[in-house]
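Commentary on secondary and tertiary structure
Spelled out from the first residue to the last, the chains are:
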Amino acid sequence: MTRLLFAVGVLSLFACTGTSTDSGDANCDGVVEVEQVSLRSDADGVLTVPVAVDANDDAFMVMVARDGGLVSADTVVDAEGDVRLSWEDWLSGRDSLTNAFYASSEVTSLNWPIRAEDAPLGAGEWTVYASTLDADGYPKARQDATVTVVRRSCVAGTPTLKVTVVYAQGLDEDREVATAVEAAVLRWAQIYGAYGLELDVSYASSDLATSVSEPLPGGDEYGPLYEDIGEGVVVVVADDVDGYADLYGEAGGIPGPYVASGHSAVAVSWLVHAGTDAAFTDDEVLVFGETMAHEVGHYLGLFHPVEMDWSLWDALSDTKRCTSESACEAALGDNLMFPYPVCGERSCTEQTVLSDDQSGVLGLNVGFR
Ligand SMILES: [Zn+2]
């Protein structure tokens with residue numbers, strides 16, 4: 001079944017477009033190298049993923065996918081043999097760095113470095129250890145997995161993210177919706193643009209149902225959709241996400257994958273933003289744009305600076321550690337990644353601010369090139 005009504009390059013993500021042979025800034029061209037291999041986990045359920053880092057590479061992402069079984073990405077070891085990231089340091093804490101550790105689905109994505117303080121890479125043979133697990137999260141031995149490694153050369157120009165906005169069936173022909181979506185995307189582009197990050201946005205119509213699945217638990221529609229588009233971040237605009245009347249949007253992972261899977265999308269509801277009159281005010285358009293920027297922020301690796309229990313935080317040192325609703329709204333209510341819109345009777349607080357560490361996480365995601 002053709003889901004997209006326009007022609008797109010299938011699997012263009014897997015087109016390698018050149019190799020760097022010299023060192024130096026002249027080669028900071030943001031070029032990505034993509035390798036896909038089939039691997040089998042060992043007797044302990046461990047997958048050993050080699051990552052051959054070039055001198056100009058400044059970030060990589062390892063994506064592990066397995067049919068009908070859980071996976072996690074657990075440990076990063078650099079070319080010197082030093083452990084740069086270990087899941088054991090993070091599982092019991094109250095700070096969130098990546099969801100790659102959590103074996104919650106059949107695909108996992110680990111971007112490295114995550115934070116500016118995790119850089120630089122350093123050339124040589126790196127190793128990422130991942131796991132195949134059973135439904136209870138215990139290691140499952142000798143399981144096949146498809147592993148995709150994306151390496152990015154440093155970016156000398158403006159880092160740019162490829163985005164495809166996909167309308168669920170018929171919504172592109174609804175002028176109220178399409179006008180609001182385009183204005184919201186502009187708002188999103190302004191928010192990221194203030195931090196030197198650019199969007200390259202295409203629009204597509206589709207025959208997706210107007211109520212789409214939640215991409216975090218996963219939906220059958222997203223794998224074929226991503227396969228058709230083949231690169232960047234896919235943002236699906238629907239009436240609603242899984243029937244919820246109060247869900248603005250949802251991302252497929254923190255970070256999300258750049259390979260086809262049931263989680264390879266951000267889904268947003270236009271109707272939840274427009275409200276019961278199904279017509280957009282200017283403020284509702286702004287919040288819609290902030291939702292896109294927020295949910296794609298998750299997809300690129302950002303957590304909320306504080307979760308709504310006020311006792312779990314992101315792992316970034318320059319987002320304030322508040323511990324109550326009032327203190328958090330005061331300290332972080334204007335932050336793009338605040339967990340909910342802060343609204344008074346007449347209007348909502350603009351949520352457009354990113355800390356240096358937050359914008360650093362976005363820029364290190366291999367989607368920006
Ligand atoms: Zn969120």
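Each residue is numbered by its place in its chain's sequence as written, counting from 1. Two thresholds apply to this predicted model, a pLDDT of at least 70 for residue-level local features and 80 or more for giving and counting side-chain atom pairs, whereas whole-chain, interface and lining totals are computed over all residues. To get the side-chain values, all heavy atoms of the structure are used, and hydrogens and water are removed first.

**What about the domain arrangement of the chain?**
The extent of an interface is frequently quoted as the accessible surface area lost upon association of the parts. This is how the line gets drawn: An automatic or database domain assignment is the source of the domain bounds shown. Between two residues, a contact is recorded if the distance between any of their heavy atoms is within 4.5 Å. Once two parts are brought into contact, the accessible area they lose, counted with a 1.4 Å probe and summed over both, makes up the buried area. When a carboxyl oxygen of Asp or Glu lies within 4 Å of a side-chain nitrogen of Lys or Arg, that pair is called a salt bridge. What qualifies as a polar contact is a pair of N or O atoms within 3.5 Å, subject to a donor-acceptor requirement within protein and to the restriction that residues adjacent in sequence count only when both atoms come from side chains. Secondary structure follows DSSP: runs of H or I at least 4 residues long count as helices, runs of E at least 2 residues long count as strands, and numbering of each begins at the N terminus. Polar here means any residue other than Ala, Val, Leu, Ile, Met, Phe, Trp, Tyr, Cys and Pro, which are nonpolar, and Asp, Glu, Lys and Arg, which are charged; Gly is therefore polar.
Assigned domains of the chain: these are domain 1 (12-153) and domain 2 (160-364). In this structure, domain 1 and domain 2 have C-alpha centres spaced 25 Å apart. The partner domain 2 presents 26 residues to the 27 residues of domain 1 that form the contact. Summed over both sides, the interface of domain 1 with domain 2 buries roughly 2,100 Å², with 56% coming from carbon and sulfur. One can count one salt bridge joining domain 1 with domain 2. Between Asp95 and Arg321 there is a salt bridge whose closest N-O contact spans 2.5 Å. On inspection of domain 1 and its partner domain 2, the count reaches 10 residue pairs in polar contact (both at pLDDT 80 or more). Listing elements by their share of the side of domain 1 that touches domain 2, those giving two or more residues are strand E3 (57-65), strand E6 (95-96), strand E7 (107-112) and strand E9 (144-153). In the side of domain 1 that touches domain 2, the residues fall into 12 nonpolar, eight polar and seven charged.

**Quick notes on the pattern of salt bridges**
Quick note on the threshold: Using a 1.4 Å probe on the protein chains alone, a residue whose accessible area is under 20% of its type maximum counts as buried, one over 50% counts as exposed, and one in between counts as partly exposed.
The tally for this structure, following the rule as stated, stands at 11 salt bridges. Between Asp57 and Arg151 there is a salt bridge; the shortest N-O distance is 2.6 Å. With Asp57 in strand E3 and Arg151 in strand E9, this pair connects stretches of sequence that are 94 residues apart. Neither residue differs from the other here; Asp57 and Arg151 are each classed as buried. In this structure, Arg84 and Asp78 form a salt bridge, with 3.1 Å as the shortest nitrogen-oxygen distance. You can call Arg84 partly exposed: its relative accessible area is 27%. Accessibility expressed as a relative area gives 8% for Asp78, which makes it buried.

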